[in-house]
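Tertiary structure, described
Residue-level listing of the chains:
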Protein chains: 2
Amino acid sequence: CPCPLPSGDTALSRLVRRLLSARRSLDLCLFAFSCPQLARAVQLLHRRGVRVRLVTDAQYMGLHGSQIGRLRHSGIQVRHDQHSGYMHHKFAIVDQRVLITGSLNWTTQAIQSNRENVLVVEDADYVKAFLDEFERIWEEYNPANYTFF
Amino acid sequence: CPCPLPSGDTALSRLVRRLLSARRSLDLCLFAFSCPQLARAVQLLHRRGVRVRLVTDAQYMGLHGSQIGRLRHSGIQVRHDQHSGYMHHKFAIVDQRVLITGSLNWTTQAIQSNRENVLVVEDADYVKAFLDEFERIWEEYNPANYTFF
């Protein structure tokens, strides 16, 4: 594979390890997703039987380098917005218990070149607010609810 | 004034009220800053004698609608990065005690059109990590350290 999982103690490897700790579910709400190492971790979880759901932004999912097509192709459920505004969240929820959120888009540019922050939060009140937002968006972006013109 | 402070119970008005609770200091680390209502709140604090420091991204601070020039002109200390990568943080720290961070850029587009999150965190460990990052960046972007070619 051209993109092995990162090792050592970099911020990226710590993020990957947090994701790989998932045993039951991984809910992803990501504006942009082009980082191959993170996509590989998500695919691994899906293959292990973890329930992965992914919500993303319609305008960014087709950009060069986007991993969304590959993830969809591997059988992961992906939904996207239908708005002109951005679905600008960048968070993950592991096993409905650990929230990972911040300024970081899951792109190679962000990881390699930007100044960014990622918070890992286990406080139940914070996690619940993001879980509720995830479920709201997941329902709102259900293709069964699409409107056409 | 063309941009009164927002009232009522919108997410923007709650954010503004959090900022206006500052009594001693406001540290801002913002990728983009074009929202006039938020700029007005920051100027108000500066006029009240609160110590405002602002770090921003060099490539975004000159864009149409940016409030950075106006804030600088009113006497607020502003520093910016010198890199090709983005200074992509979007956080504020009130009185070294309350952290406000999330996906939200302080732009009118983000506030009006996007799906975004903002966390307000008072846990000292989280606040300290962001305070440390702010001080690191503030020193790193000190114009006295600029290199020219």
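Where an unreviewed UniProt entry is consulted, chain A appears under the name Mitochondrial cardiolipin hydrolase, with the organism given as Climacteris rufus. Regarding chain A, the relevant UniProt record gives this comment under Catalytic activity (unreviewed entry): "a cardiolipin + H2O = a 1,2-diacyl-sn-glycero-3-phospho-(1'-sn-glycerol) + a 1,2-diacyl-sn-glycero-3-phosphate + H(+)". Its UniProt record, at the heading Sequence similarities (unreviewed entry), says of chain A: "Belongs to the phospholipase D family. MitoPLD/Zucchini subfamily."

**Describing the packing of aromatic side chains**
Scanning the model with the defined rule gives 12 aromatic pairs over all chains in all. With a centroid separation of 5.3 Å and 85° between ring planes, the pair formed by Phe33 of chain B and Trp106 of chain B is classed as edge-to-face. One end of the pair, Phe33 of chain B, is in the loop between β1 (25-30) and α2 (36-48); the other, Trp106 of chain B, is in the loop between β5 (98-102) and α4 (108-113), and 73 residues separate them in sequence. Phe33 of chain B sits in the buried class, given a relative accessible area of 3%. Through a chain of ring-to-ring contacts, three or more aromatic side chains come together here, namely Phe31, Tyr60 and Tyr86 of chain A. Across from the ring centre of Trp138 of chain A, 5.4 Å away, lies the NZ or CZ of Arg53 of chain A, which sits over that ring. The lysine or arginine in question, Arg79 of chain A, covers the ring of Trp138 of chain A, its NZ or CZ lying 4.1 Å from the ring centre.

**As for the interface of chain B and chain A**
Across the boundary between the two partners, chain B contributes 27 residues, which contact 27 residues of chain A. Counting the surface lost from both chain B and chain A, the interface buries some 2100 Å², and carbon and sulfur atoms represent 50% of this. Looking only at chain B, the three residues that lose the most surface to chain A are His88, Arg115 and Leu119 of chain B, adding up to 34% of its buried area. Run the count over chain B and chain A and you get four salt bridges. Taking the shortest distance from any N to any O, the salt bridge between Arg115 of chain A and Glu140 of chain B comes out at 2.7 Å. Within the residue set of the side of chain B that touches chain A, elements represented by two or more residues are β4 (90-94), β5, α4, β6 (118-121) and α5 (124-140) of chain B. For the side of chain B that touches chain A, a count of residues per class yields 10 nonpolar, 11 polar and six charged.

**Some remarks on the relation of the copies chain B and chain A**
Superposing chain B onto chain A requires a rotation of 180° together with a translation of 0.0 Å along the rotation axis, leaving an RMSD of 0.0 Å. Read as a symmetry element, the transformation amounts to a two-fold axis. The share of interface residues of chain B whose copies in chain A are also at the interface is 100%, consistent with both copies meeting through the same surface.

**Concerning the sheet that holds strand β4 (residues 90-94) of chain A**
All names here are of chain A. One open sheet accounts for six strands, arranged β3-β2-β1-β4-β5-β6; its pairing is mixed. Every other strand in the sheet has two partners, leaving β3 (77-80) and β6 (118-121) as the edge strands with one partner each. On average, adjacent strands in this sheet sit at an angle of 15° to one another, irrespective of strand direction. Alignment of strand β2 (residues 51-56) against β3, held across four bridges, turns out to be parallel. Each residue of the ladder has a partner; that of Val55, found in β3, is Arg79.

**Focus: the pattern of salt bridges**
Pairs may arise between side chains of opposite charge once their charged atoms sit close together. Inspection of the entire model under this criterion finds 20 salt bridges over all chains. A salt bridge links Asp27 of chain B to Arg53 of chain B; the nearest nitrogen and oxygen atoms lie 3.0 Å apart. Here Arg53 of chain B lies in strand β2 (residues 51-56) and Asp27 of chain B lies in strand β1, a separation of 26 residues in the sequence. By sharing partners, the salt bridges in this structure join Arg115 of chain A together with Glu133, Arg136 and Glu140 of chain B into a single network.

**With respect to the packing of helix α1 (residues 11-20) of chain A against helix α2 (residues 36-48) of chain A**
Any two packed helices are characterised by how steeply their axes cross, that is the angle between the axes, and by the distance between the axes. Residues and elements named next belong to chain A. Close contact between α1 and α2 brings their axes to 10 Å; oriented N to C, the two are set at 15°. The pairing of α1 with α2 is recorded here as roughly parallel in orientation. Where α1 crosses over α2, the two elements pack in a sense that is right-handed. From α1, Leu12, Leu15, Val16, Leu19 and Leu20 reach across to α2, where they touch Gln37, Leu38, Ala41, Leu44, Leu45 and Arg48. Looking at the contact of α1 with α2, its residues break down into nine nonpolar, one polar and one charged.

**Considering the UniProt feature "domain: PLD phosphodiesterase" (unreviewed entry) in chain A**
UniProt records the feature "domain: PLD phosphodiesterase" (unreviewed entry) for residues 83-110 of chain A in the present numbering. The straight-line gap between the two end C-alpha atoms of residues 83-110 of chain A is 24 Å; of that span, 11% is helix and 36% is strand.

**Some thoughts on unusual backbone geometry**
All names here are of chain B. The backbone of Asp95 shows a phi angle near 50°, a positive value even though the residue is not glycine. Within the element layout of this structure, Asp95 appears in the loop between β4 and β5. The backbone of Gln96 shows a phi angle near 55°, a positive value even though the residue is not glycine. Looking at where Gln96 falls in the secondary structure, it is placed in the loop between β4 and β5. Residue class for Gln96 comes out partly exposed when judged on its relative accessible area of 46%.

The rules behind these values
- Residues numbered from 1 in each chain as written.
- Chains lettered and ligands numbered in written order.
- Predicted model: local features only at pLDDT ≥ 70, side-chain atom pairs only at ≥ 80, totals over all residues.
- Heavy atoms only, no water.
- UniProt positions renumbered as here; feature names shortened; annotations may be inferred.
- Phe/Tyr/Trp six-rings, centres within 6.5 Å; stacked < 30°, edge-to-face > 60°.
- Helix = DSSP H or I, 4+ residues; strand = E, 2+ residues; numbered from the N terminus.
- Buried < 20%, exposed > 50% of the residue type's maximum accessible area, 1.4 Å probe, protein only.
- Lys NZ or Arg CZ within 6 Å of the ring centre and 35° of its normal.
- Contact = heavy atoms within 4.5 Å.
- Buried area = accessible area lost by both parts, 1.4 Å probe.
- Salt bridge = Lys/Arg side-chain N within 4 Å of Asp/Glu carboxyl O.
- Nonpolar A, V, L, I, M, F, W, Y, C, P; charged D, E, K, R; others polar.
- Least-squares fit on C-alpha atoms with pLDDT ≥ 70 in both.
- Pairing = 2+ DSSP bridges.
- Axes fitted to C-alpha atoms, helices over the stretch in contact; angles between N-to-C directions.
- Parallel < 35°, antiparallel > 145°, perpendicular 65-115°, else oblique.
- Left-handed = near helix turned anticlockwise from the far one by under 90°.

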